[in-house]
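Spelled out from the first residue to the last, the chains are:
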Amino acid sequence: MIKRGFRVLSYVLAFTAFSVVFIQCKKKEVQSTQSNMEIDYKALDETPVSGYTRILVDESVYPIVNEVNEVFMYEYNRVKVDLVKKSEGEVLNMLMNDSIRVAVLPRKLTDLEVEHFKGRVKPKMTHFATDAIVFVTSKVFNDSIVDYQGILNNLKSSSADKSNKKILVFDNINSSIVSSFKEKAGVSEFTKDYAYFAGDTESVIDYVSKNSDAIGVIGLNWLTQPTVELEEKVAQLKVLSVKNAKDSKYYKPSQNNIAEGTYPLTRDLYVVDIQGKSGLGVGYASYIAGYKGQRIVLKSNLVPFKVPPRELNVRKEI
């Protein structure tokens, strides 16, 4: 009788153990299936950490924005942000027409641009980094320095140096870099014999890597964070030191020189949000200007708006 009871108890315990294992396996299978299910992000309510949106990005600063966005979406898996890479002129046009309501630009909106939204929404502008405009050439280029003021003089049709065989290569005729140079040179267009528009930054890098007389003008973060396809071409380039008119010395666009302001061609980067609600524009801006986003900016060799603190472990004994 005891043996029979023990046998029954063994069967019960075995069945119970099998049931527990089966249930756990099914639970893991359900969890795995749920995690692999495609989320309909557009069906989610948009909050700072969930839902779907598109963000316009000035093409000259795309790499840093893309890197932060990938980490942002990885950390918040209910978020889907598609980046739309455009020239500054196109970004502003789409913002003004409400096509897309969040953008990243290498400057703040002007008072006139802000006035456009008066009565509807007050644009939020979040400063998150300082970038640099750099001059790049092929490694066989004769010089290692460039006079910025001389460049501006040559961009003026009336004072262009006809004997100068060098050519300046810009990304896009509507880009933020071109707008900046036009403003500094005081012209509405460049002399055709001296300036060439390649189309985008990748095309500038490709052109300069193959032409020894060309000087490319691009955003620094394209050099510090090149795509896999561009790595080989970037390795063939060198960055020129630029003359600072204040002390007549030449400076490389290093992180330190950008932070101290000795490198003369710097620009502040902003997230511009005209959503008028607490949506993904707020979430992305908070993330890129927050601790984790600022660490990514720091590692990219740009200058973060807030330098993340370094944590040191101090021990009395080794």
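Here the structure is shown first, and the text comes after it.
All values reported here derive from a predicted model rather than from experimental measurement.

Student: What am I meant to see in the overall build of the protein here?
Tutor: Per the secondary structure count, the protein includes 12 helices and 13 strands. Relative to its full complement of 318 residues, the protein shows a buried share of 42%. Total accessible area computed for the protein in this model is approximately 18300 Å², and 52% of it derives from carbon and sulfur atoms.

Student: Can you walk me through the packing of aromatic side chains in this structure?
Tutor: How two aromatic rings sit relative to each other is set out by the distance from centre to centre and by the angle between their planes. Taken as a whole and assessed by the stated rule, the structure comprises 11 aromatic pairs. Between Y148 and F181 the ring centres are 5.7 Å apart and the planes differ by 75°, which places this aromatic pair in the edge-to-face class. Taken together, the positions of Y148 in helix α5 (residues 148-155) and F181 in helix α6 (residues 176-185) put the pair 33 residues apart, joining distant regions of the chain. The same class applies to Y148 and to F181, which are both buried. Taken together through their ring pairs, the aromatic side chains of F135, Y148, F170, F181, F190 and F197 make up a single cluster. Residue placement shows K42 over the ring face of Y52; its charged tip is 5.0 Å from the ring centre.

Student: Is there a simple way to explain the packing of helix α2 (residues 62-75) against helix α11 (residues 280-288) in this structure?
Tutor: Axes are the key here: two packed helices are described by the angle between their axes and the distance separating the axes. Packing of α2 against α11 leaves a shortest axis separation of 10 Å and a crossing angle of 110°. Between α2 and α11, the crossing angle belongs to the class labelled roughly perpendicular. Contact residues: α2 offers V65, V68, N69, V71, F72 and E75, while α11 offers L280, G283, Y284, Y287 and I288. Here the contact of α2 with α11 is composed, by residue class, of 8 nonpolar, 2 polar and 1 charged.

Calculation criteria
- Residue numbers here run from 1 along each chain, matching the order of that chain's written sequence.
- A pLDDT threshold of at least 70 governs which residues receive local features in this predicted model, and a stricter bar of 80 or more applies before side-chain atom pairs are shown or counted, although totals over entire chains, interfaces and linings include all residues.
- In computing side-chain values, all of the structure's heavy atoms are included and hydrogens and water are not.
- Helix and strand assignments follow DSSP, with helices taken as H or I runs no shorter than four residues and strands as E runs no shorter than two, numbered in order from the N terminus.
- Burial classification: accessible surface area is computed with a 1.4 Å probe over protein chains only, and a residue below 20% of its type maximum counts as buried, one above 50% as exposed, and the rest as partly exposed.
- Per-residue and other accessible areas were derived by the Shrake-Rupley procedure at a 1.4 Å probe size, with only the shown protein chains allowed to occlude residues.
- In this analysis, rings of Phe, Tyr and Trp, with Trp reduced to its six-membered ring, are considered paired at centre separations within 6.5 Å, and the interplanar angle assigns stacked below 30 degrees, edge-to-face beyond 60, and tilted for intermediate values.
- Charge over a ring is defined by NZ of Lys or CZ of Arg lying within 6 Å of the ring centre and within 35 degrees of the ring normal.
- In this analysis an axis means a line fitted to C-alpha atoms, helices contributing only their contacting stretch, and an angle means the value between N-to-C directions, from 0 to 180 degrees.
- Any angle that is under 35 degrees is reported as roughly parallel, and any over 145 degrees as roughly antiparallel; angles of 65 to 115 degrees are reported as roughly perpendicular and all others as oblique.
- Should any heavy atoms of two residues lie within 4.5 Å, those residues are counted as being in contact.
- Polarity classes work like this: nonpolar for Ala, Val, Leu, Ile, Met, Phe, Trp, Tyr, Cys and Pro, charged for Asp, Glu, Lys and Arg, and polar for all others, with Gly in that last group.

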